[in-house]
Amino acid sequence: MAAAFITFEGIDGSGKSTQLRMLASELRLRGINVIVTREPGGTSLGARLRAALLDTEEQVDPLAELLLYAADRAQHVRQLVRPAIETGHVVLSDRYADATVAYQGAGRGFPPALIDEVIALATGGLMPDLTLLFDLPVAESLARHKRRADEGDARDRLDAEDEAFHARVRNAYLQIAAADPDRVRVIDATRSIEETHARVLELVMPLIESRGQRSEVSPKSNV
Ligand code: TMP
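The structure reproduced in this document is the subject of the present report.

Rules behind the numbers
- Residues numbered from 1 in each chain as written.
- Predicted model: local features only at pLDDT ≥ 70, side-chain atom pairs only at ≥ 80, totals over all residues.
- Heavy atoms only, no water.
- Helix = DSSP H or I, 4+ residues; strand = E, 2+ residues; numbered from the N terminus.
- Rg over C-alpha atoms; globule rule 2.2 N^0.38 Å.
- Buried < 20%, exposed > 50% of the residue type's maximum accessible area, 1.4 Å probe, protein only.
- Contact = heavy atoms within 4.5 Å.
- Lys, Arg positive; Asp, Glu negative; His and termini not counted.
- Charge placed at Lys NZ, Arg CZ, Asp CG, Glu CD.
- Near = heavy atom within 4 Å.
- Polar contact = N/O pair within 3.5 Å; in protein donor to acceptor, adjacent residues only side chain to side chain.
- Areas by Shrake-Rupley, 256 points an atom, 1.4 Å probe, with all protein chains shown as cover.
- Pairing = 2+ DSSP bridges.
- Axes fitted to C-alpha atoms, helices over the stretch in contact; angles between N-to-C directions.
- Core = buried A, V, L, I, M, F, W, Y, C linked by side-chain atoms within 4.5 Å.
- Parallel < 35°, antiparallel > 145°, perpendicular 65-115°, else oblique.
- Left-handed = near helix turned anticlockwise from the far one by under 90°.
- Nonpolar A, V, L, I, M, F, W, Y, C, P; charged D, E, K, R; others polar.
- Phe/Tyr/Trp six-rings, centres within 6.5 Å; stacked < 30°, edge-to-face > 60°.

1. Overview of the overall build of the protein
Helix and strand content of the protein: eight helices and five strands. Compactness check: the protein gives a C-alpha radius of gyration of 17 Å against a globular reference of 17 Å for 223 residues, within 12% of the reference. Principal-axis analysis of the C-alpha atoms gives the protein an extent of 45 × 35 × 35 Å. Here the protein holds 223 residues, and 48% of them are scored as buried. Long-range pairs, those at least 24 residues apart, make up 83% of the contacts in the protein between residues at least 6 apart in sequence. Taking the average place of the 27 positive charges on the side chains of the protein and the average place of its 34 negative ones, the gap between the two points comes to 3 Å.

2. Regarding the site of the ligand
Looking at the ligand, there are 14 residues lining it, with Lys16, Arg50, Arg95, Thr100 and Gln104 nearest. Lys16 is positioned such that a nitrogen or oxygen atom in its side chain is 2.7 Å from an oxygen atom of the ligand. Here an oxygen atom of the ligand sits 2.7 Å away from a polar atom, N or O, in the side chain of Arg50. Out of a free accessible area of 480 Å², the ligand has 93% covered by protein chains.

3. Remarks on the sheet that holds strand β2 (residues 34-38)
Taken in spatial order, the five strands line up as β2-β3-β1-β4-β5 in an open sheet, and their pairing is parallel. Edge positions in the sheet fall to β2 and β5 (184-188), since each of these pairs with one other strand and no more. Looking at each pair of strands side by side, their axes are set apart by 20° on average, direction ignored. Across the face of the sheet, helix α8 (residues 193-211) comes into contact with β1 (4-10), β3 (90-94), β4 (130-135) and β5 while running at roughly 175° to β4.

4. Describing the nonpolar core
Grouped together as the largest cluster of nonpolar side chains are 25 residues, with contacts concentrated most on Ile6, Leu27, Leu92 and Leu132. Elements represented by at least two residues in this core include exactly β1, α1 (16-29), β2, β3, β4 and α8. Sorting elements by how many residues they give to this core places α8 first, with seven residues. In this view, Leu132 contacts Thr7, Phe8, Glu9, Arg185, Ile187, Val200, Leu203 and Val204; residues no more than four positions away in its chain are not counted. Grouped together as the second largest cluster of nonpolar side chains are 17 residues, Leu80, Tyr96, Ala97 and Val118 included.

5. With respect to the packing of α1 against α8
Between α1 and α8, whose axes approach to 10 Å, the crossing angle comes to 55°. Taken together, the axis directions place α1 and α8 in an arrangement best described as oblique. In the packing of α1 onto α8, the handedness of the crossing is right-handed. Packed against α1, whose contacting residues are Thr18, Gln19, Met22, Leu23, Glu26 and Leu27, the element α8 presents Ile193, Thr196, His197, Val200, Leu201, Val204, Met205 and Ile208 at the interface. In terms of residue class, the contact of α1 with α8 is made up of nine nonpolar, four polar and one charged.

6. Concerning the packing of aromatic side chains
Scanning the entire structure with this criterion turns up four aromatic pairs. Plain terms: the ring middles of Phe5 and Tyr96 are 4.9 Å apart, the flat faces sit at 80° to each other, and that makes the pair edge-to-face. One end of the pair, Phe5, is in strand β1; the other, Tyr96, is in the loop between β3 and α4 (97-107), and 91 residues separate them in sequence. Just as Phe5 is buried, Tyr96 falls in that class too. Ring centres of Tyr103 and Tyr173 lie 6.3 Å apart, and the angle between their planes is 80°; on these two criteria the pair is classed as edge-to-face. Highlighted residues: Tyr103 in helix α4 and Tyr173 in helix α7 (residues 163-179), separated in sequence by 70 residues. Under the relative-accessibility criterion, Tyr103 is labelled buried at 5%.

Purely geometric stuff here, so don't read any function into it on its own.
If you want it as structure tokens, here you go:
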């Protein structure tokens, strides 16, 4: 039975990870088999790549960074995402290929053709059925980050980028959504957690109902 692959995207502090967890709980309550995963870090190899990629002490060259995200994705798609879809699961991934377009393409400035080629290689052409883009002004994202840092939450390497970097990333995400409105749905992430959750359900349930979920053995997620 066909499954669904749903990805969550947005600039840092957009609340996407909270929304992913809330959606996963709700789907499980409804008896749907869900796999929760993320990039980078959805596999055990990916967890090691994630630690290296987000380490504030590490000087990661931009090309090495691009290729490490691609390596994480290649492992993730082959080891976890495809097998999960093939066994009838709903896969919820906290970030996927659009993040490379936004962060390494618009953020770091790699040419779109190179980014597309690297993504095609890593994904083998697997794209999500639905992408939820949690959109938020950069100033609000930075304010949320500052609050988290004040509460003692550690900042990672990409958090340290300047406002212009995050503005390029946000604009790139909005452009991706404008170019592919059937797949990518923009959600206003300035609303309350509950309002946002309700909007997520409105967007996700028709897809899941159209697929009719049932699954057998669950592949193991690292998250
Ligand atoms: P997270 O904060 O959503 O866990 O993501 C970790 C960081 O990795 C985030 O700052 C965005 C970055 N990232 C990229 O730069 N390129 C990518 O392809 C992915 C998947 C994430």
